[in-house]
Amino acid sequence: MLEETLIKLGLVLLRGLSHLPYPILRRLGAGLAWLLYWLAKPRRLITLTNLRLCFPGWDEPRRVRVAKEHFRAFTQSFLDRFIFWYGSEARIRSICRIEGAEHLQAALGKPLVIFSPHFVGMDAGGVRVQMETQVFGMYARQRSATLTQAMTKGRQRFNQTEMLLRTGGMRAALKRIKQNIPFYICPDMDLGPRDAVFVDFFDVPAATVTTLHRLAAITGAQILPCITLLNASGYVVRFGPVWENFPSKDEVADARRMNAFIELAVQQQPEQYLWSHRRFKTRPPGSPSLYPNRR
């Protein structure tokens, strides 16, 4: 009960902070990020471990610099999230623009999966995209009912957007895709061995779900890549062209294609990928953990 009360108070505070002038909110995020980098030791170690695994050619000072930049981008995007959850449509449009909208418009009216990798701006992108068209997504239930409610409500504000519970299975998602409602999905995290194959991500075997392959194979959906990045004035949501010749007959090759696409995007803005997630927590049988023991 106390925990839920504290979360409610925290959400009120964060919603209040979202009304600050945007440059001030960004500076606040940068200051909090410095503090978070030193206080959140487990996430700092995970971030540095991921960078060592994925960029073995970098020296350690460069990894530390990118890790600090990641914490800054993550913290700024976290504070910004409450603009996207509660702010006006006009303010959201003013800080988040779309590039490549012609790719989205050309793909609408047919089964469509919008593939958004886990860059720190993905929440901003999800809300901004739903201003252009009805979409649906999925969510994971949080330990806090208050947080779960705030998160799902904030992510389905426009154009009758729906959020489906991830543990409810894919039947409802398949039905909506076949109804030509685009599915905004972020399938590049380590969700365990179920429905996953081991393919390389930056030359490290990573448990990778085959969701894109299965959705496209079952529904005939096109795969439209969408990456949301922070910039000095807010965010830019970038759509690329739909993937050609997808799916193939090989789900492993298709999973590797997804990871290769993310690798290219990460190399352009390495600090904005979600390195604080244990991307390699699921290991091939007999392989040791790659992460420090939790204390």
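Residues numbered from 1 in each chain as written. Predicted model: local features only at pLDDT ≥ 70, side-chain atom pairs only at ≥ 80, totals over all residues. Heavy atoms only, no water.

### Quick look at the overall build of the protein
Assigned secondary structure in the protein consists of 11 helices and nine strands. Relative to its length of 295 residues, the protein is compact, with a C-alpha radius of gyration of 19 Å against a globular reference of 19 Å. Projected onto the principal axes, the alpha-carbon positions of the protein cover approximately 50 × 45 × 40 Å. Counting the 295 residues in the protein, one finds 51% classified as buried. Accessible area of the protein: about 14,500 Å², with a carbon and sulfur share of 56%. (Helix = DSSP H or I, 4+ residues; strand = E, 2+ residues; numbered from the N terminus. Rg over C-alpha atoms; globule rule 2.2 N^0.38 Å. Buried < 20%, exposed > 50% of the residue type's maximum accessible area, 1.4 Å probe, protein only. Areas by Shrake-Rupley, 256 points an atom, 1.4 Å probe, with all protein chains shown as cover.)

### A word on helix α11 (residues 251–268)
With 18 residues, α11 extends 27 Å between its outermost C-alpha atoms, agreeing within 8% with the 26 Å of an ideal straight helix rising 1.5 Å per residue. For α11, every residue scored as buried is listed here: D254, A255, M258, N259, I262, E263, A265 and V266. Of the surrounding elements, those touching the buried residues of α11 are β2 (112–115), β6 (196–201), β7 (204–209), α10 (211–219) and β8 (222–231). Looking at where α11 begins, the residue whose side-chain oxygen comes 2.9 Å from the main-chain nitrogen of V252 is D250. (Expected span 1.5 Å × (residues − 1). Contact = heavy atoms within 4.5 Å. Polar contact = N/O pair within 3.5 Å; in protein donor to acceptor, adjacent residues only side chain to side chain.)

### Brief notes about the packing of aromatic side chains
What the rule picks out here adds up to 20 aromatic pairs. For the pair F115 and F261, a centre-to-centre distance of 5.8 Å together with 50° between the ring planes defines the contact as tilted. In this pair, F115 is assigned in strand β2 and F261 in helix α11, connecting sequence segments 146 residues apart. Accessibility expressed as a relative area gives 0% for F115, which makes it buried. Judged by relative accessible area, F261 falls into the partly exposed class, the value being 24%. Ring geometry for F119 against Y273: centres 5.4 Å apart, planes inclined by 70°, an arrangement best described as edge-to-face. Of the two residues, F119 is situated in the loop between β2 and α7 (122–130) and Y273 in the segment after α11; the sequence distance between them amounts to 154 residues. By the burial criterion, F119 is buried, and Y273 matches it. An aromatic cluster is built from F55, W58, F119, F201, F202, Y273, W275 and F280, whose rings are joined through pairwise contacts. Sitting over the ring of Y235, R26 keeps its end group 5.6 Å from the ring centre. Here the guanidinium or amino end of R44 rests over the ring plane of Y37, the centre of that ring lying 5.6 Å away. (Phe/Tyr/Trp six-rings, centres within 6.5 Å; stacked < 30°, edge-to-face > 60°. Lys NZ or Arg CZ within 6 Å of the ring centre and 35° of its normal.)

### With respect to the environment of L17
Note on placement: L17 falls in helix α1 (residues 2–17). Given a relative accessible area of 23%, L17 falls into the partly exposed group. If we ignore the near neighbours within four places in the chain, the residues touching L17 are L25 and L28.

### Here we look at the pattern of salt bridges
As a working rule, side chains carrying opposite charge can pair if their charged atoms are close by. Taken as a whole, this structure holds 14 salt bridges when the rule is applied. Across the pair R81 and D123 runs a salt bridge whose closest N-O atoms are separated by 3.5 Å. Taken together, the residues R81 in helix α4 (residues 60–86) and D123 in helix α7 connect sequence positions 42 residues apart. Each member of the pair R81 and D123 is classed as buried. Among the ionic pairs, R93 bridges to E132, the shortest N-O distance being 3.3 Å. In this pair, R93 sits in helix α5 (residues 89–95) while E132 sits in the loop between α7 and β3 (136–139), placing the two residues 39 residues apart along the sequence. By relative accessible area, R93 is classed as partly exposed at 34%. Classification of E132 as partly exposed rests on a relative accessible area of 29%. One continuous salt-bridge network, built from bridges that share partners, spans E89, R93, R128 and E132. (Salt bridge = Lys/Arg side-chain N within 4 Å of Asp/Glu carboxyl O.)

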